[in-house]
Amino acid sequence: MSFRPGSRIFSTFRPFFQRANARRHAGTAAGAEPAGFAKFWNSPIGPKTVHFWAPVMKWGMVLAGASDFSRPAESLSLTQNFALMCTGAIWTRWCFVIRPKNVALAGVNFLVFLVGGTQVGRIYMWNQSLKGTEGQAKDEMVDLKATAQKVEQKAEKAVK
């Protein structure tokens, strides 16, 4: 035993420090974490998994829905766009429940929800505009019938 101050404390705690050093060096020696593309390739949401390809393929739904923005509202399907909206909302929530959390898929699903919601809103506004013009069309039809009857009466008088 040494007479140096603190040597007994050091020799008592030496095994703890040795194990900590052993753990630190063991993790970095042979099993080093890959960097760059290899890290992405082997990640839990990398290209070797469905968690990568699902959002890539779902972009097709977003693009198809967005291409319908140029179509008139009367040619859009309410049920189809409502289904898109519901699918986007449900799967956006589900992407945060599953493991690993897939933020890319959640983002695409949220855009599917937005596209469907926008189209449903357009269809709703078009249907509301039809209700407003129904009364106007009925009034115009009554006026048209009255005008047609007057013209018919004039034509009958002219023939006699």
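Residues numbered from 1 in each chain as written. Predicted model: local features only at pLDDT ≥ 70, side-chain atom pairs only at ≥ 80, totals over all residues. Heavy atoms only, no water.

As recorded by an unreviewed UniProt entry, the chain carries the name Mitochondrial pyruvate carrier and is attributed to Clathrospora elynae. Among the UniProt annotations of the chain, the heading Function (unreviewed entry) holds the following wording: "Mediates the uptake of pyruvate into mitochondria." As recorded by UniProt, the Subcellular location (unreviewed entry) comment attached to the chain reads in full: "Mitochondrion inner membrane". (UniProt positions renumbered as here; feature names shortened; annotations may be inferred.)

A.B. asks: Is there a simple way to think about the environment of Gly121 in this case?
C.D. replies: Tracing the chain through its elements places Gly121 in helix H5 (residues 103-159). By relative accessible area, which is 29% here, Gly121 ends up partly exposed. (Helix = DSSP H or I, 4+ residues; strand = E, 2+ residues; numbered from the N terminus. Buried < 20%, exposed > 50% of the residue type's maximum accessible area, 1.4 Å probe, protein only.)

A.B. asks: Where do I start with a nonpolar patch on the surface in this structure?
C.D. replies: On the surface, Trp59, Phe110, Leu111 and Leu114 cluster together to form a nonpolar patch covering roughly 350 Å² of accessible area. Looking at the nonpolar patch element by element, the count peaks at three residues for H5. Within the element layout of this structure, Leu111 appears in helix H5. What makes Leu111 partly exposed here is its relative accessible area of 31%. (Patch = residues over 30% accessible without salt bridge, like charges linked within 9 Å, V, L, I, M, F, W, Y side chains within 5 Å. Areas by Shrake-Rupley, 256 points an atom, 1.4 Å probe, with all protein chains shown as cover. Salt bridge = Lys/Arg side-chain N within 4 Å of Asp/Glu carboxyl O.)

A.B. asks: How should the packing of aromatic side chains be read in this particular structure?
C.D. replies: Given two aromatic rings, one states the distance between the centres and the angle between the planes to describe the pair. Summed over all chains, the structure comprises five aromatic pairs. Centroid distance Phe40 to Phe52: 5.8 Å. Interplanar angle 75°. Geometry classified as edge-to-face. Of this pair, Phe40 sits in helix H2 (residues 37-41) while Phe52 sits in helix H3 (residues 50-67), placing them 12 residues apart in sequence. For Phe40, a relative accessible area of 36% gives the class partly exposed. By relative accessible area, Phe52 is classed as partly exposed at 23%. A centroid spacing of 6.1 Å and a plane angle of 35° characterise the contact between Phe110 and Phe113, whose relative ring orientation is tilted. Here Phe113 and Phe110 lie together in helix H5, a separation of three residues that amounts to about one turn. The class for Phe110 is partly exposed, based on a relative accessible area of 41%. An aromatic cluster is defined as three or more aromatic residues linked by ring pairs; in this entry it consists of Phe37, Phe40, Trp41, Phe52 and Trp53. (Phe/Tyr/Trp six-rings, centres within 6.5 Å; stacked < 30°, edge-to-face > 60°.)

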